[in-house]
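Remarks on the overall topology
Listed here are the chains, written in short residue letters.
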Amino acid sequence: MARLWAKIIVKHRISRQGTAPCSFDDVQPALTELCREFDIPNPIWLGKHDREFQEFRHTAFLPEHFMEDVAFDKLEIEFLDDENKKRRSQDPRNQFEGF
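This structure is a prediction, so every number in the text was calculated from the model and none was measured.

Cut-offs applied
- Residues numbered from 1 in each chain as written.
- Predicted model: local features only at pLDDT ≥ 70, side-chain atom pairs only at ≥ 80, totals over all residues.
- Heavy atoms only, no water.
- Salt bridge = Lys/Arg side-chain N within 4 Å of Asp/Glu carboxyl O.
- Helix = DSSP H or I, 4+ residues; strand = E, 2+ residues; numbered from the N terminus.
- Buried < 20%, exposed > 50% of the residue type's maximum accessible area, 1.4 Å probe, protein only.
- Pairing = 2+ DSSP bridges.
- Polar contact = N/O pair within 3.5 Å; in protein donor to acceptor, adjacent residues only side chain to side chain.
- Contact = heavy atoms within 4.5 Å.

A few words now on the pattern of salt bridges. Within this structure, the stated rule accounts for three salt bridges. Taking the shortest distance from any N to any O, the salt bridge between Glu76 and Lys7 comes out at 3.2 Å. Residue Glu76 is located in strand 4 (residues 74–81), and its partner Lys7 is located in strand 1 (residues 2–10); the two are separated by 69 residues in the primary sequence. Both residues of the pair, Glu76 and Lys7, belong to the buried class. For Lys48, the salt bridge identified is with Glu52, shortest N-O distance 3.0 Å. You can see Lys48 and its partner Glu52 sitting in helix 2 (residues 47–56), four residues apart, about one turn around the helix.

If you want it as structure tokens, here you go:
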């Protein structure tokens, strides 16, 4: 089972956090559920967020990514895959070459 972990950050500290079940391909329902739970508006999902989420399984929304004023510094979301599959970087600079 996979989950979306959301954290509201205020002055570099986690103010609120929560998780919701989701699939990697369809994050919006889980994000909407968590925003409703936190009583905050839904953020605007930009191409930047899509690229970060696809590559790193993590992205952050700043106050300017909301249509209404928000009382926090950042909303971070991260996809948690509970299947314990270790992911390896596809970047060739991170490939270990033996001695």
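Structure shown, so let's carry the discussion forward.
Below, the discussion takes up the pairing of strand 1. As paired strands, strand 1 and strand 4 are joined by eight bridges and run antiparallel to one another. Its bridge partner lying in strand 4, Ile9 is registered against Lys74. Strand direction decides the pairing type here: strand 1 and strand 2 (residues 13–21), joined by eight bridges, are antiparallel. When the sheet's bridge partners are listed, Ile8 is paired in strand 2 with Arg16. In this structure, the hairpin formed by strand 1 and strand 2 is closed by a connection of two residues, where Lys11 is found at a positive phi of approximately 50°.

The next thing to look at is the side chain of Thr59. Summarising the element assignment, Thr59 is placed in strand 3 (residues 58–61). Its relative accessible area of 1% is what places Thr59 among the buried residues. A polar contact of 2.5 Å, which involves the side chain of Thr59, links it to the side chain of Glu52. With residues near it in sequence (within four places) discarded, Thr59 still touches Trp45, Lys48, His49, Glu52, Phe53, Leu75, Glu76 and Ile77.

These figures come from the coordinates and say nothing about function on their own.
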